[in-house]
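In case you want the letters, here they are:
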Amino acid sequence: PPDRTVRDGDIVSAGSVQLEVIHVPGHSPGGIALYTPGYVITGDTLFVEAVGRSDLPGGSWPVMLRSIRTRLLTLPDETVVLPGHNYGRSPTSTIGHEKRNNPFLQEL
């Protein structure tokens, strides 16, 4: 079991860095991203020019796309995206780049 659970809006400290928990369900019901001004760790929800799977237990494609649209794409365009896997052309991206170039997000 976890030592601690987190909720949307909680702050997690890593050394001197403060990370805000952003609930982004869809890949999994309890999916989170971690945000500090300038950076967002998106885990398996948002990749470089791709998105995560939603076919796992509790996953949902519409819920994941809504999470990305309302919780991640609302961050400043210059925010660096640090995904959970390096599946893209580069290991990182930005929110602005994903808005313009991620084929899974063009319908949003």
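Presented here is a report on the structure given in the accompanying data block. Since the structure is predicted, the reported quantities are computational estimates derived from the model, not experimental observations. (Residues numbered from 1 in each chain as written. Predicted model: local features only at pLDDT ≥ 70, side-chain atom pairs only at ≥ 80, totals over all residues. Heavy atoms only, no water.)

## Points about helix α1 (residues 61–72)
End to end, α1 covers 15 Å across 12 residues, agreeing with the expected 16 Å (1.5 Å per residue, within 8%). Listing the buried residues of α1 in full gives Met-64, Leu-65, Ser-67, Ile-68 and Leu-72. Viewed along the axis of α1, the buried residues span an arc of 155°, placing them on a single side of the element. Turning to α1, the residues buried within the fold contact β3 (32–36), β4 (39–43), β5 (46–47), β6 (50–51) and α2 (95–101). Of the residues that open α1, the one with a side-chain oxygen 3.3 Å from the backbone nitrogen of Val-63 is Ser-60. (Helix = DSSP H or I, 4+ residues; strand = E, 2+ residues; numbered from the N terminus. Expected span 1.5 Å × (residues − 1). Buried < 20%, exposed > 50% of the residue type's maximum accessible area, 1.4 Å probe, protein only. Arc of directions from axis to C-beta. Contact = heavy atoms within 4.5 Å. Polar contact = N/O pair within 3.5 Å; in protein donor to acceptor, adjacent residues only side chain to side chain.)

## Some thoughts on the pairing of β3
Strand residues, when the strand is regular, have side chains that alternate between the two faces of the sheet. Counted residue by residue, β3 has 4 buried out of 5 residues, so it is predominantly covered. Two elements, β3 and β4, share 3 bridges in a ladder whose sense is antiparallel. Within β4, the residue paired with Tyr-35 across the bridge is Val-40. With antiparallel pairing between neighbouring strands as the criterion, β3 and β4 make up a hairpin whose turn holds 2 residues, including Gly-38 at a positive phi of roughly 100°. (Pairing = 2+ DSSP bridges.)

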